[in-house]
Amino acid sequence: QFPLGRRLPCDIYWHGVSFHDNNIFSGQVNKFPGMMETVRKITLSRAMRTMKNLFPVEYNFYPQSWILPEELSLFVEEVRTMKDSDPSWKPTFIVKPDGGCQGDGIYLIKDPGDIRLTGSIQSRPAVVQEYICKPLLMDKLKFDIRLYVLLKSLEPLEIYIAKDGLSRFCTEPYQEPTLKNLHQVFMHLTNYSLNIHSGNFIHSDSVNTGSKRTFSSILCRLSSRGADVKKLWSDIISLVIKTIIALTPELKVYYQSDIPAGKPGPTCFQILGFDILLMKNLKPMLLEVNANPSMRIEHEQELSPGVFENVPSPVDEEVKVAVIRDTLRLVDPQKKKRKDTHLSFHTYLLIFPTQFQSLLVGIAGMKDKQHKHHSLKLSLKLKFYLKLGSCQALEQAREGSQEVPEAALPSLCLKQVFPKYAGEFSHLRLVDRVAALFIRFLGVKGTTRLGPTGFRTFIRNCRLSNSNFSMAAVDILYIDITRRWNSVGIEKESGMCLQAFVEAFFCLARRKYKSLPLHEQVLALIEVCECRLAALRRRRLVWGCG
């Protein structure tokens, strides 16, 4: 442990919360800059809406969402319109605070008028979504799935999915929402941090029973009922890839801000927690994405009133140890330096103390220590070390500084899904290409906002103005869209953010190609811009050669 930091650089830095936990200039960091902001409920909802506008059929796995307070009147109007067109429609909605976690502040409503319009709605914005009333039940209980996804690289995009996950159960038998049971959180909300306080919560030594189980145990039961488990996994993989594709444009803007191209800096990877709900027809629906999923492998057990002890959780250990072990195997920098396929566990790893609130990765030979916030039993740590590889191999590594052969470790639990299936999804990466144009014209390194001069340069270099769309009209477009986006943002910054630029780009595409569907309009304009910018670059090279 290096509570005050380390003088010499390390290969891997394991931060507790975000990329900015410490100033890192080399190696690899287990957090992407901007990830926490990108997966917040409002930002995620906006990104999914943008993709759904482009590809309505492809992005039908995210509940219809409205952003509060800015879209409250729109929410009320759309619900009224839908009820008028279908009087039998009796929806339920779920309200989630933007920055909330562990079920904090979530509540259900039957009517838009039931939204709690307190003074805090302005300071604590929220997302309201259509509640999924017909989930798949197991033992009459509602449950969700926590899947662990490794985003190994942004450029090129590289995604891995853990082959197993967690199934987290409610603790009261499910009934469809009514005015009488809307407040029963143990029936409707699957959050572990809420249900752990229920008297019906069951801690089990088996991964197949209890209030928290492995996802593989659920798949086994579904398979025994005749369900098409292969199709379900395929749908889940598709959901994960499409969600990451929706998030990468914003992430790339943050990335270039903190790690400008052409300058030395760290590379990043990150383990994400995807929360997925299965509908009765086995269609997976995305609930949210967690930037900092809990990696604890124990839970508190009350020995006597007021006296608690941390005890191992077999189901958490089964899933999470493998995820972290194999993440380190995939990002191991020594792999690139060796011609053979052996794996070294002697990569320097710097873990900052804040991460002790979650599971820490043990390095062979590391002595057991206690942290003031969190203590792990020595037996649990030894068990964890044994999970990393065979006892004999680790003993050899500890004593003789030898490498642990890959054969001594379990097979990888992380499955690559991108670029493996890139051919099926590359056509969805339109906003990625729009973001590349946005980043190109940012001008000042380290900024995430496009100024009016940068926007005018983009229009001029791509030759998008004409007699029907003058530069004065360009300025008006910039001012109108930027002012509106800046008025709804939490951080009051000047300039055009990426989401505002995307809206402006879509507006330009509609103006130029009126008869085409939106995704074809956007693709056509992207190709025009890329072609004209490439031609401009060639001309400048010729001029430079004189």
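The following refers to the structure shown.

What counts, and at which threshold
- Residues numbered from 1 in each chain as written.
- Predicted model: local features only at pLDDT ≥ 70, side-chain atom pairs only at ≥ 80, totals over all residues.
- Heavy atoms only, no water.
- Axes fitted to C-alpha atoms, helices over the stretch in contact; angles between N-to-C directions.
- Helix = DSSP H or I, 4+ residues; strand = E, 2+ residues; numbered from the N terminus.
- Parallel < 35°, antiparallel > 145°, perpendicular 65-115°, else oblique.
- Contact = heavy atoms within 4.5 Å.
- Nonpolar A, V, L, I, M, F, W, Y, C, P; charged D, E, K, R; others polar.
- Core = buried A, V, L, I, M, F, W, Y, C linked by side-chain atoms within 4.5 Å.
- Buried < 20%, exposed > 50% of the residue type's maximum accessible area, 1.4 Å probe, protein only.
- Domains from an automatic or database assignment.
- Pairing = 2+ DSSP bridges.
- Salt bridge = Lys/Arg side-chain N within 4 Å of Asp/Glu carboxyl O.

1. What about the packing of helix α2 (residues 41-54) against helix α8 (residues 229-258)?
Inference 1: Across the interface, α2 lies against α8 with an axial gap of 9 Å and an inter-helix angle of 105 degrees. With respect to α8, the axis of α2 lies roughly perpendicular. Across the interface between the two elements, L44, A47, M48 and M51 of α2 pack against T243, I245, A246 and L247 of α8.
Inference 2: Grouping the constituent residues of the contact of α2 with α8 by class yields 7 nonpolar, 1 polar and no charged.

2. Notes on the nonpolar core
Inference 1: Among the nonpolar cores identified, the biggest contains 104 residues, and F274, F455, F458, F501, F505 and V522 are the most heavily contacted of them.
Inference 2: Considering every element that reaches this core, the biggest residue donor is α8, with 14 residues.
Inference 3: In this structure, this core is formed jointly by two domains, domain 1 (12-63 + 132-323) and domain 2 (428-543), each of which donates at least three residues.
Inference 4: Setting aside anything within four residues of it in sequence, one finds F455 in contact with L450, V474, L477, Y478, M496, F501 and A504.

3. Quick word on the pairing of strand β6 (residues 126-130)
Inference 1: The element β6 is extensively covered by neighbouring structure, given that 4 of its 5 residues are classed as buried.
Inference 2: Of the pairings in the sheet, the one linking strand β3 (residues 65-68) to β6 comprises 4 bridges and is antiparallel in character. By the bridge assignment, W66 is partnered in β6 with V128.
Inference 3: By the bridge criterion, 5 bridges tie strand β4 (residues 93-97) to β6 in an arrangement that is antiparallel. Within β6, the residue paired with I94 across the bridge is Q129.

4. Here's the deal with the pattern of salt bridges
Inference 1: For the coordinates displayed, the defined rule picks out 26 salt bridges.
Inference 2: The salt bridge involving R325 is made with D326; its shortest N-O contact spans 2.9 Å. The same class applies to R325 and to D326, which are both buried.
Inference 3: A salt bridge links D326 to R329, with the shortest nitrogen-to-oxygen separation between them at 2.8 Å.

5. Overview of the sheet that holds β4
Inference 1: A sheet is described by the order of its strands in space; here 4 strands give the open sequence β3-β6-β4-β5, paired in antiparallel fashion. Looking at strand neighbours, the two that pair on one side only are β3 and β5 (107-109), the edges of this open sheet. Going across the sheet, the axis of each strand differs from the next one's by a mean of 25 degrees, ignoring polarity.
Inference 2: On the sheet, α2 packs against β3, β4 and β6 and is oriented at approximately 135 degrees with respect to β3.
Inference 3: Of the strands in this sheet, β3, β4 and β6 are in contact with helix α3 (residues 72-85), which crosses β3 at around 145 degrees.

6. Considerations on the side chain of K41
Inference 1: Among the secondary structure elements, K41 is positioned in helix α2.
Inference 2: By relative accessible area, K41 is classed as buried at 10%.
Inference 3: When sequence neighbours within four positions are dropped, the list of residues in contact with K41 reads Y62, K96, P97, D98, G100, V127 and E288.

7. A few points about unusual backbone geometry
Trans peptide bonds make up the majority, and among non-glycine residues the majority have a negative phi.
Inference 1: Each neighbour pair has its own omega, and for L68 with P69 the value is 5 degrees, a cis peptide bond.
Inference 2: Its place among the elements puts P69 in the loop between β3 and α3.
Inference 3: Not every positive phi belongs to a glycine, and L282 is a case in point at roughly 70 degrees.
Inference 4: Of note, L282 is situated in the loop between β13 (270-278) and β14 (284-290).

8. With respect to helix α15 (residues 452-461)
Inference 1: The set of residues buried in α15 consists of G454, F455, F458, I459 and N461.
Inference 2: Buried residues along α15 sit in contact with α14 (430-440), α16 (471-488), α17 (498-512) and α18 (518-545).
Inference 3: In the stretch just after α15, R463 is the one whose phi turns positive, near 55 degrees.

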